[in-house]
Amino acid sequence: SQLLGRLKQENRLNPGAGGVAASGGTTEVAELEANLPCTCKVHFPDPNKLHCFQLTVTPDEGYYQGGKFQFETEVPDVYNMVPPKVKCLTKIWHPNITETGEICLSLLREHSIDGTGWAPMRTLKDVVWGLNSLFTDLLNFDDPLNIEAAEHHLQNKEDFQNKVDNYIKRYAR
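These figures come from a predicted structure and were not determined experimentally.

**Side note on the overall build of the protein chain**
Logical step 1: Of regular secondary structure, the protein chain possesses 5 helices and 4 strands.
Logical step 2: Shown N-terminal to C-terminal, the secondary structure of the protein chain runs as helices and strands in the order α-α-β-β-β-β-α-α-α.
Logical step 3: Taking the contacts inside the protein chain whose residues are at least 6 apart along the sequence as the reference set, 56% of them involve residues at least 24 apart.
Logical step 4: For the protein chain, the accessible surface area stands at approximately 9100 Å², while carbon and sulfur atoms represent 48% of it.

Following this line, the structure appears as structure tokens:
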């Protein structure tokens, strides 16, 4: 596969540290490609930086249906001891993503009190599925990063949906 081939050639990732290019890493990438949610696509903006890829999530249900949301994922040299760095590039009105692109997703946390944070046995597939789920079953209004968006939803769901739709029209097409 194209993704698998590119990551095999990528030598910036540190195979000794269990990086994506390590012996188990290529199967991880193949597994990611074989198990992408139907709402997700992976893209490499710079063929010389294969440890950086973009993920596009196009939710097919819920508040964010019809939007196209871009995430930038950077796999660090010491992956899989630490999680990939992920930022949302699309401006969005969401309780778990700030307007500047910071994301609240427990598996992206290096240290998590509840045990749901990053662990070396987690994979890029987990990250992609987790980001995809922020638009459906992991959408969390009770523990928000964007408190204003969560309060907006609490006070007026219809107006919240209107603002989400407005953001989709302006930023997520």
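**Some details on the nonpolar core**
Logical step 1: In terms of nonpolar packing, the biggest core is built from 34 residues, with Tyr64, Phe69, Phe71, Ile103, Leu108 and Leu131 touching the most fellow members.
Logical step 2: Put simply, the parts of the chain that give this core at least two residues each are β2 (52–57), β3 (69–74), β4 (85–88), α3 (124–133) and α5 (157–171).
Logical step 3: Those residues in contact with Ile103 that sit more than four places away from it in its chain are Phe71, Val86, Lys87, Cys88, Asn96, Ile97, Leu108, Leu131, Leu134 and Leu145.

**A short note on α3**
Logical step 1: Among the 10 residues that make up α3, 7 are buried, leaving the element largely enclosed by the rest of the structure.
Logical step 2: Regarding α3, the residues found buried are Leu124, Val127, Val128, Gly130, Leu131, Asn132 and Ser133.

**A few points about the pairing of β3**
Logical step 1: Only one face of β3 is covered, namely the face carrying Phe69, Phe71 and Thr73; the face carrying Gln70, Glu72 and Glu74 is uncovered.
Logical step 2: Where β2 meets β3, 6 bridges bridge the pair, whose relative direction is antiparallel. Bridged to Phe53 within β3 is Thr73.

**Comments concerning the UniProt feature "active site" (unreviewed entry) in the protein chain**
Logical step 1: Taken from the UniProt record, the annotation "active site" (unreviewed entry) applies to Cys104.
Logical step 2: Among the secondary structure elements, Cys104 is positioned in the loop between β4 and α3.
Logical step 3: What Cys104 contacts, discounting residues up to four positions off in sequence, is Asn96, Arg109, Leu134, Asp143 and Leu145.

**With respect to the side chain of Thr90**
Logical step 1: Looking at the secondary structure, you find Thr90 in the loop between β4 and α3.
Logical step 2: In this structure Thr90 comes out as buried when scored by relative accessible area, which is 7%.
Logical step 3: A distance of 2.8 Å separates a polar atom in the side chain of Thr90 from the backbone nitrogen of Gln70.
Logical step 4: Not counting residues within four places of it along the chain, the set of residues in contact with Thr90 comprises Lys68, Phe69, Gln70, Tyr171 and Ala172.

**Regarding the sheet that holds β3**
Logical step 1: The antiparallel open sheet is built from 4 strands, whose spatial order is β1-β2-β3-β4. The strands lining the two open edges of the sheet, one partner per strand, are β1 (40–43) and β4. Recorded for the sheet is a direction-independent mean angle of 25° between the axes of neighbouring strands.
Logical step 2: Alignment of β3 against β4, held across 4 bridges, turns out to be antiparallel. The residue of β4 that forms the bridge with Thr73 is Val86.
Logical step 3: The strands that α3 touches are β1, β2, β3 and β4; relative to β2, the one it contacts most, it runs at about 35°.

The rules we used
Residue numbering note: each chain is counted from 1, following its sequence as written. Only residues with pLDDT of at least 70 get local features here, since the model is predicted, and only at 80 or more are side-chain atom pairs given and counted; chain-wide, interface and lining totals rely on the full set of residues. Here the side-chain values reflect all heavy atoms present in the structure, with hydrogen atoms and water set aside. Secondary structure elements are taken from DSSP: a helix is a run of H or I of four residues or more, a strand is a run of E of two residues or more, and numbering for both begins at the N terminus. The contact criterion used throughout is that any non-hydrogen atoms of two residues lie within 4.5 Å. To measure how exposed things are, a 1.4 Å probe is used in the Shrake-Rupley method; for residues, cover is taken only from the protein chains shown. Here, the term nonpolar core denotes a set of buried Ala, Val, Leu, Ile, Met, Phe, Trp, Tyr and Cys residues that are joined through side-chain atoms within 4.5 Å. Each residue's exposure class comes from its accessible area (1.4 Å probe, protein chains only) as a fraction of the maximum for that residue type: buried when under 20%, exposed when over 50%, partly exposed otherwise. Whether two strands pair depends on DSSP finding at least two bridges between them. UniProt positions are given in the numbering used here, feature names are shortened, and annotations may be inferred rather than shown by experiment. The definition of a polar contact used here is a pair of N or O atoms within 3.5 Å, where within protein one atom must be able to donate a hydrogen and the other to accept one, and adjacent residues in sequence count solely through side-chain atom pairs. Every angle, taken between N-to-C directions, lies between 0 and 180 degrees, and every axis is a line fitted to C-alpha atoms, over only the stretch in contact when it is a helix.

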